[in-house]
Amino acid sequence: MNNKSQDHDSNKFSLLVIVLDTNPSQRIVRQNPQLLTQFLDAIIAFGNAHLMQCSQNKLAVLSCHHHATDFLYPMPGKQLDVRQVDGQYEVFSLVEKTVKQRLSHIITNAPKLNAPCESILAGSMAMALCYISRIQRNAAAGVKMHSRILVVTGSNECASQYMTYMNVFFTAQKLGITIDVCALDKTMSLLQQGCDITGGQYLRLTQLDGLLQYLLWVFLPDPQMRQKLVLPPATKVDYRAACFCHRELIDIGYVCSVCLSIFCKFSPICTTCHTVFKIPGPIPGKPKKKKKV
Amino acid sequence: MSDAKAGRSGPTTSTYALIPKPANLQCMDLQEYLRTRTPETLEKLYNYPTICLAVYRELPEIARQFVIRILFVEQPVPQAVVASWGSQHYAKEQAASASCLTELNVWRVTAIPGGLSAWELCSTFKKNLKIALLGGGKPWSMSHTLEKDSKPRDIAFLDTYAMARWRCVLHYMVGTGSSNKTQDSEGISPDAVRILLHANLMKRDERDGITITRQGFQFLLLDTQSQVWHFMLQYLDTCEERGLSLPDCLSMLFQLSFSTLGRDYSSEGMSAKMLTFLQHLREFGLVFQRKRKEGRFYPTRLALNVTNKHATVPAIINEEDKVQESGYIVVETNYRVYAYTDSPLQVAVLGLFTELLYRFPNLVVGVLTRDSVRQALRGGITAEQIVSYLEQYAHPNMKLTESAIKSKSPLPPTVVDQIKLWELERNRFTYTEGVVYNQFLSQADFVTLRDYAQSINVLVHMNERTRTMVVTKNGHDDVKRFWKRYSKGGG
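Residues numbered from 1 in each chain as written. Chains lettered and ligands numbered in written order. Predicted model: local features only at pLDDT ≥ 70, side-chain atom pairs only at ≥ 80, totals over all residues. Heavy atoms only, no water.

J.: Honestly, the overall build of chain A in this entry has me stumped. Any pointers?
T.: Looking only at helices and strands, chain A has nine helices and ten strands in total. Sequence separation of 24 or more characterises 65% of the internal contacts of chain A that already satisfy a separation of 6 or more. Summed over all atoms, the accessible surface of chain A reaches about 14800 Å², with 57% contributed by carbon and sulfur. (Helix = DSSP H or I, 4+ residues; strand = E, 2+ residues; numbered from the N terminus. Contact = heavy atoms within 4.5 Å. Areas by Shrake-Rupley, 256 points an atom, 1.4 Å probe, with all protein chains shown as cover.)

J.: So what exactly am I meant to see when it comes to helix H7 (residues 189–198) of chain A here?
T.: Working note: α-helix, 3.6 residues per turn, so residues spaced by three or four point in the same direction. Residue and element names in this part refer to chain A. In terms of residue burial, H7 counts as a mostly covered element, since nine of its ten residues are buried. Along H7, the residues that are buried comprise Ser-189, Leu-190, Leu-191, Gln-192, Gln-193, Gly-194, Cys-195, Ile-197 and Thr-198. On its buried side, H7 packs onto helix H5 (121–138), strand E4 (144–153), helix H6 (162–175), strand E5 (178–183), strand E6 (202–204) and strand E8 (249–250). Once H7 ends, the next one or two residues include Gly-199, with phi positive near 80°. (Buried < 20%, exposed > 50% of the residue type's maximum accessible area, 1.4 Å probe, protein only.)

J.: Just checking my understanding: could you explain the packing of aromatic side chains for this structure?
T.: Aromatic ring pairs are defined here through the distance separating the ring centres and the angle between the ring planes. Residues and elements named next belong to chain B. With the rule as written, the count across this model stands at 32 aromatic pairs over all chains. When the centroid spacing of 6.1 Å and the interplanar angle of 45° are considered together, the rings of Tyr-335 and Trp-422 count as tilted. Linking Tyr-335 in the loop between strand E10 (329–331) and strand E11 (336–339) with Trp-422 in helix H19 (residues 413–424), this pair joins segments that are 87 residues apart in sequence. For Trp-422, a relative accessible area of 8% corresponds to the buried category. Ring geometry for Phe-440 and Phe-446: centres 5.3 Å apart, planes at 75°, overall edge-to-face. For the pair Phe-440 and Phe-446, a shared accessibility class is recorded, and that class is buried. (Phe/Tyr/Trp six-rings, centres within 6.5 Å; stacked < 30°, edge-to-face > 60°.)

J.: Could you clarify how one ought to interpret the side chain of Ser-372 of chain B in this entry?
T.: Residue and element names in this part refer to chain B. By the secondary structure assignment, Ser-372 is in helix H16 (residues 370–378). In this structure the side chain of Ser-372 is engaged in a polar contact, spanning 3.0 Å, whose partner is the backbone oxygen of Phe-353. With residues up to four places along the chain from it excluded, the contact list for Ser-372 reads Leu-352, Phe-353, Thr-354, Glu-355 and Val-367. (Polar contact = N/O pair within 3.5 Å; in protein donor to acceptor, adjacent residues only side chain to side chain.)

J.: It is not clear to me how the nonpolar core should be interpreted in this structure. Could you clarify?
T.: Generally speaking, nonpolar side chains in soluble globular proteins are found buried as a group. Counting 168 residues, the largest nonpolar core has Phe-46 of chain A together with Ile-329, Phe-353 and Ile-419 of chain B as the members making the most contacts within it. In this view, Phe-46 of chain A contacts Leu-16, Ile-18, Leu-150, Leu-212, Leu-215, Leu-216, Phe-219 and Leu-220 of chain A; residues no more than four positions away in its chain are not counted. With 48 residues, the next largest nonpolar core counts Tyr-131, Tyr-165, Ala-172 and Phe-263 of chain A among its residues. (Core = buried A, V, L, I, M, F, W, Y, C linked by side-chain atoms within 4.5 Å.)

J.: So what exactly am I meant to see when it comes to the pattern of salt bridges here?
T.: Charged atoms that come close allow side chains of opposite charge to pair. Taken as a whole, this structure holds 21 salt bridges over all chains when the rule is applied. In this structure, Arg-263 of chain B and Glu-90 of chain A form a salt bridge, with 3.4 Å as the shortest nitrogen-oxygen distance. Separated into two different chains, Arg-263 of chain B in the loop between helix H13 (246–257) and strand E7 (265–266) and Glu-90 of chain A in helix H4 (residues 90–109) make up a pair that spans both. By sharing partners, the salt bridges in this structure join Asp-41, Glu-96 and Lys-100 of chain A into a single network. (Salt bridge = Lys/Arg side-chain N within 4 Å of Asp/Glu carboxyl O.)

Read these as spatial facts, not as claims about activity.
This is the structure we're talking about:
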């Protein structure tokens, strides 16, 4: 009884922002373009399942392309006027129609690609953070809001966005926003760091058939709810940093003593803060013994 | 001495009946309501995607996760597997969720090969929840296409309309409706009166007039959403005798509850009975319809999310639609209450538990005193209800004030505590039904009987000097039997 009243009395809602990687240069999409449609259906069903949990829950879907990030839902400006055509709940139909319509619009209008090109995931996540903070600002007084970001991607690791990633992760951590990642293809060690920092779930799928079921199992429960369920345990996180000069993940490197920038090779002037370092001489042998006083 | 005792029946006993506690207003939520239905009714209800959706949202959190996990699984899931989904620390909560699902007939136990028992979602529920989530099936009954309304109604209009209609009912209850007929009350229909009587919110008195009951007063203190829900439940209770079918009405109610505010819907294709139901909803302000015969209606905020009281207050304030200010009460730490209102209803309700000091055209000033609160408590209103009423209508500025003590309530903590203390000080007595044993002939008899009563935990009170003891009513038979045995053996 007590428990139930707590459940109902706390006036809260949760906002889920899904960042969907729609870049056509993802390996799995190039091999089988049909997959993107399947993913989309799974994502829509998952988003609606989130909305179904509670009437105040909010959803936003962002598409991350190779050249731009766009809102798939809610539509910027005026919403579509969707009437019910079958037994589906009106709000859910609206999500489905809007996402599909927006995505086809984006794909047809995207500039042609000559060579595979990486997705600007970090930028999309930054946009998601901005959206969350705007909603947070507009939240009515006395209403508690929990927000999280779910990234669904089949892209490769892109260490070139290392700096943006780290900024996003630490901002999210500070704002108490959980970042979840569902990697469809390669292991994403950078994003895995983000999950670890913000206390989110990282899941790399080995088979793509049951995407919806994976999403519903692992990512549907709220972070507060997750401790009550048994979820995949966190694996060891690869905390390697990317160097600022060649954007490669390194184990051991040089760190600027002033601004903490990381380099894989020694450079006499820090490219970030322009500090001048002394050129290290040859490694000295044994230090000379001090003269006796 | 023992001879003398054996002849009589020993210590005399007398029974005191418990003073009956006055009945309080019982508010059920959807879950509790459904639990009182039969499994057959539930099965019928689950034929409607809207009801499935509403039921799903009312489930406990863990139960919701369980349902969604097995929604797309085509075979029964062994109980052991389901049990392994939850963490050990929350086993109790999980068991409660599982039993809730069973009680609501959402899932049931089946046997699977290998002698294991497994959970299987009720097939009707499963099918219709999938329809609500993913689409398919028949459209809901009110979604016929309409040509564009020439004079569409905006949200602000609908809000005012709905509240005016609903206040009519409330005004009628406090009897203020008659005094100022000009304002917004056109009186209410005999049907509505019948529901109020059925719900025991009002009663006929000796002079055949209708007066408000204590449940009625408690009803007034609820927030509007709970009032609507309670009222609708009472309506549904009586719907069978009006010839309306419960599943139809309930599904209609939830369709409205899941509709979009400010959008018009069509009543085309509805049966005559459902149209009657719609007219009733129109009377209470749950829907707006320009004319009785018009095939177009607008659901109002009262009908939206009828089971969830937090959903009515928009969680996000958009720049374009300003929410109407609902709070008007300011409570200070010196127990003064300022209410910015001129509605006689609100003043009447406030007067139930405050001592009104001044009245101005748009402001009423009162003070919460021990006497005024005790007056309300004596009338059967609880401290909890007073506090929640003040919280619910707290002025928006009250929610903004920074207080040193972190509390969820916008009210000053001292006032909240004091109201609760005033209630507690009335609870000095606990009533227990019991039987008195006295006039023992010897100390030994008394001691034996007392020790026995104590040993079986039925002794309520004893006094050794007057040789009096009180045992609980349940224990009386045991003690009596013991006494008979003992006095026989002794004699």
